[in-house]
Amino acid sequence: MDTLHLLFNAVTVIFIVATMFAAGLGATMATLRGIFTNVPLLLLALVANTVVIPLLGWGLGALFSLPAAGFIALVLVASSPGGPFGAKLAMVQKGDVVAGAAMQVLLATIGSLTFAPTANGILTAADIGKGVSLDVVALVRTVALLQLVPFVIGLLLRRYAAPTAQSWHPPAVKVSNVTFLIVLAGMLLGNWRDVLSLLSSLTLLAGFVLSAAAFAVGTLLATGTRGRRTTMGSVASVRNVGPALAAIGIAFDNEPAILGALAAVLLSGLAAALPIAAVLSGRRSGGPAADEPR
């Protein structure tokens, strides 16, 4: 069991590092500069992802009267913006892929700093888990090392060794995809009893509703073309599992019930986000709707 636990942690680290490294390899200074200088879009996306959606997670957890494990998992997910599937959902829906990728990287970077105090504040205010709190300093340090450093390395490679970055980008994305699926499968297989027990607690429904509501919030709190706004919705609907997993390891000692609840929330969230992107893709397949202003 200890060997499996170590293997799970190792795959989780590989997933986080590969995802941020691939994001850095796929980003350009010009793209990031374009997003950074669009102040209204930037501010609205930050408010949506770091304020409104975490509060939605808190509200849904209270509305559905989730048990402690489900509530903690939902809040951790809601407080963690910049999920690595955001840019992919932009591709699926035929939206603004460049803006989606840039915003996902930006949110993941900022989220590595805002996640711990946000989640800690909500869990403390909700008084969940009898004095449960997050080690903010340790969590920020861990998340920064696993996300910021690989991203910067990838970005520097893209800037100063473009051929190498282009050749490394597809394998890095594949590693991110495969390890993400392995992490999800590991959480489910290792905690399937806990996942099944959540059926009666509405945790799955809460994760589904959170993702759908996050899409709506991300779309409404955005500027630009219809395609760009729905792309911001897709980015908002897929949260970043890396900080949540780090928090469970640091603050909750990989408690099986919370890992099971996290897996349930993530899976139900994807079950909401993917069909939305597919529907948008079908509507846009006949013309340039993604670029049409509204």
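Predicted model, so just to flag it, every value in this text is computed and none were measured.

Visitor: What's the story with the packing of helix 3 (residues 39-63) against helix 10 (residues 203-220) in this structure? I'm lost.
Guide: Angle between the axes and distance between the axes: these two values describe a pair of packed helices. It is the contact of helix 3 with helix 10, at a shortest axis distance of 10 Å, that shows an interaxial angle of 150°. By the angle between their axes, helix 3 is roughly antiparallel relative to helix 10. Regarding helix 3 and helix 10, the two cross each other, and that crossing is right-handed. Where helix 3 abuts helix 10, its residues Ala-48, Val-52, Ile-53, Leu-56, Gly-57 and Leu-60 lie against Ala-206, Val-209, Leu-210, Ala-213, Ala-214 and Val-217.

Visitor: Which parts of the structure should I look at to understand helix 4 (residues 68-78)?
Guide: Residues lying three or four places apart along an α-helix face the same way, a consequence of the helix completing one turn every 3.6 residues. In terms of burial, helix 4 is a largely internal element, 10 of the 11 residues being buried. Looking only at helix 4, the buried set comprises Ala-69, Gly-70, Phe-71, Ile-72, Ala-73, Leu-74, Val-75, Leu-76, Val-77 and Ala-78. As for helix 4, its buried residues are in contact with helix 3, helix 6 (97-126), helix 10, helix 12 (241-251) and helix 13 (256-284).

Visitor: Just to check I follow, could you spell out the environment of Ser-268 for this structure?
Guide: Examined against the element boundaries, Ser-268 turns out to sit in helix 13. Residues Ser-268 and Ala-251 lie 17 residues apart in sequence; the distance between their C-alpha atoms is 24 Å. Apart from residues no more than four positions distant in its own chain, Ser-268 is found in contact with Leu-204, Gly-207 and Phe-208. Within polar-contact distance, the side chain of Ser-268 engages the backbone oxygen of Leu-204 at 3.1 Å.

Visitor: Which parts of the structure should I look at to understand the environment of Gly-154?
Guide: Within the secondary structure layout, Gly-154 lies in helix 7 (residues 136-160). Gly-154 sits 49 residues away from Val-105 along the chain, and the two C-alpha atoms are 12 Å apart. When sequence neighbours within four positions are dropped, the list of residues in contact with Gly-154 reads Phe-21, Gly-24 and Leu-25.

Definitions and cut-offs
Residues numbered from 1 in each chain as written. Predicted model: local features only at pLDDT ≥ 70, side-chain atom pairs only at ≥ 80, totals over all residues. Heavy atoms only, no water. Axes fitted to C-alpha atoms, helices over the stretch in contact; angles between N-to-C directions. Helix = DSSP H or I, 4+ residues; strand = E, 2+ residues; numbered from the N terminus. Parallel < 35°, antiparallel > 145°, perpendicular 65-115°, else oblique. Left-handed = near helix turned anticlockwise from the far one by under 90°. Contact = heavy atoms within 4.5 Å. Buried < 20%, exposed > 50% of the residue type's maximum accessible area, 1.4 Å probe, protein only. Polar contact = N/O pair within 3.5 Å; in protein donor to acceptor, adjacent residues only side chain to side chain.

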